[in-house]
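Architecture and fold: a report
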Amino acid sequence: MAGLEALVQLFGPPAVRAAAAGGGWAEVEDYVGSALPGDFKAFLDAYGTGLICGELVVFHPCGSSPLLERMRGIHESFGASWRRDPAQYPFRFHPAPGGLISWGYDYSGDEHFFWPCDPDPDHWRIVTNINGADPAVFDGPFTDFVLTFVGSLRTVDPNHGIDPDALEFLEPEDLKELRDRGEIGPVDPSFEPF
């Protein structure tokens with residue numbers, strides 16, 4: 001899996017293998033009614049539940065926050081929102097046929113889902129339900145999505161993350177300190193298990 005190899009190059013080898021191959025996936029896949037994408041399972045089996053670049057949260061079935069519990073809660077919540085106002089949500093949510101399948105979120109308030117739009121899970125797309133806006137569809141596997149996500153964080157403006165109105169009140173050494181602490185600007189690739 002070329003995408004997984006690229007992520008290992010970015011994040012380094014996993015600190016601790018999350019689970020034995022296939023650990024915990026049977027119950028999740030039984031709930032979903034399908035296998036999940038292979039690169040997703042391979043990444044989570046290697047790295048486990050954790051935080052990518054301090055922004056993107058992913059869940060393993062046997063992690064400290066189990067994937068299945070989170071899936072059930074998100075599907076119920078988003079399904080109820082869809083039932084209240086279907087015009088706001090162009091996609092249905094699992095367990096509806098073809099409904100989106102939750103796999104993680106980011107600290108910007110976006111939820112990330114698999115869209116089971118192909119019989120082969122390795123050809124599913126990623127749908128990001130952007131907080132307060134239309135969903136975005138990523139046409140590629142999980143590992144390519146993560147590589148793109150990380151790439152976008154690595155190339156942001158040096159002052160990204162700070163209110164533009166506050167810039168005039170900060171000295172260059174203040175901005176440097178904020179950058180050095182990782183509070184603003186581009187982000188280095190990382191994976192932090194939890």
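Placed above this text is the structure.
Residues numbered from 1 in each chain as written. Predicted model: local features only at pLDDT ≥ 70, side-chain atom pairs only at ≥ 80, totals over all residues. Heavy atoms only, no water.

Helix and strand counts for the chain stand at 6 helices and 7 strands. Relative to its full complement of 194 residues, the chain shows a buried share of 43%. Across the chain, every contact between residues at least 6 apart in sequence was considered, and the portion connecting residues at least 24 apart equals 57%. Summing over all exposed atoms, the chain offers an accessible surface of approximately 10100 Å²; the carbon and sulfur share of this is 51%. (Helix = DSSP H or I, 4+ residues; strand = E, 2+ residues; numbered from the N terminus. Buried < 20%, exposed > 50% of the residue type's maximum accessible area, 1.4 Å probe, protein only. Contact = heavy atoms within 4.5 Å. Areas by Shrake-Rupley, 256 points an atom, 1.4 Å probe, with all protein chains shown as cover.)

Moving on, we get to the side chain of R70. Of note, R70 is situated in helix 4 (residues 67-84). On the basis of relative accessibility, which here comes to 17%, the residue R70 falls in the buried class.

With 18 residues, helix 4 should cover 26 Å at 1.5 Å per step; its first-to-last C-alpha distance of 26 Å lies within 8% of that length. Every buried residue belonging to helix 4 is among L67, L68, R70, M71, I74, H75, F78, G79, A80, S81 and W82, and all of these are buried. Tucked inside the fold, the buried residues of helix 4 contact helix 2 (25-32), helix 3 (38-47), strand 3 (101-106), strand 4 (111-115) and strand 5 (125-129). (Expected span 1.5 Å × (residues − 1).)

Okay, the packing of aromatic side chains next. Taken as a whole, this structure holds 25 aromatic pairs when the rule is applied. Here F43 and F191 contribute two aromatic rings whose centre-to-centre distance is 5.8 Å and whose plane-to-plane angle is 80 degrees, an arrangement assigned as edge-to-face. On the criterion of sequence distance, the pair formed by F43 in helix 3 and F191 in strand 7 (residues 191-193) is long-range, its members being 148 residues apart. Both residues of the pair, F43 and F191, belong to the buried class. Here the aromatic rings of Y89 and F93 are separated by 5.9 Å at their centres, their planes lie at 75 degrees, and the arrangement is edge-to-face. Looking at F93, the relative accessible area reads 6%, which means it is buried. Across the ring face of Y31, the terminal group of R72 is positioned such that the distance to the ring centre comes to 5.3 Å. The ring centre of W82 lies 3.7 Å from the NZ or CZ of R92, which sits over that ring. (Phe/Tyr/Trp six-rings, centres within 6.5 Å; stacked < 30°, edge-to-face > 60°. Lys NZ or Arg CZ within 6 Å of the ring centre and 35° of its normal.)

Another aspect to go through is the nonpolar core. One finds F11, L36, F43 and I52 to be the most contacted residues of the largest nonpolar core, which totals 34 residues. Of all the secondary-structure elements, those providing two or more residues to this core are helix 1 (2-11), helix 2, helix 3, strand 1 (50-52), strand 2 (56-58), helix 4, strand 3 and helix 5 (142-154). When residues in this core are grouped by element, the largest group, 6 residues, is from helix 5. Setting aside residues up to four positions removed in sequence, I52 forms contacts with F11, F43, V58, V146, V150, S190 and F191. One finds I74, F78, L100 and V127 within the second-largest nonpolar core, a separate group that totals 9 residues. (Core = buried A, V, L, I, M, F, W, Y, C linked by side-chain atoms within 4.5 Å.)

Judged by how many residues are buried, strand 3 sits mostly within the fold: 5 of 6 residues are covered. Looking at chain direction, strand 2 and strand 3 are connected through 3 bridges and run antiparallel. Bridging from a neighbouring strand, V58 pairs with G104 of strand 3. Pairing geometry for strand 3 and strand 4, over 4 bridges, is antiparallel. Bridge pairing in strand 4 links S102 to F113. Between strand 3 and strand 4, which pair antiparallel in sequence order, lie 4 residues; one of them, G109, sits at a positive phi of approximately 95 degrees. (Pairing = 2+ DSSP bridges.)

Before going further, it helps to examine the pattern of salt bridges. Inspection of the entire model under this criterion finds 4 salt bridges. Residue E76 pairs with R83 through a salt bridge whose shortest N-O separation is 3.5 Å. Given a relative accessible area of 54%, R83 falls into the exposed group. (Salt bridge = Lys/Arg side-chain N within 4 Å of Asp/Glu carboxyl O.)

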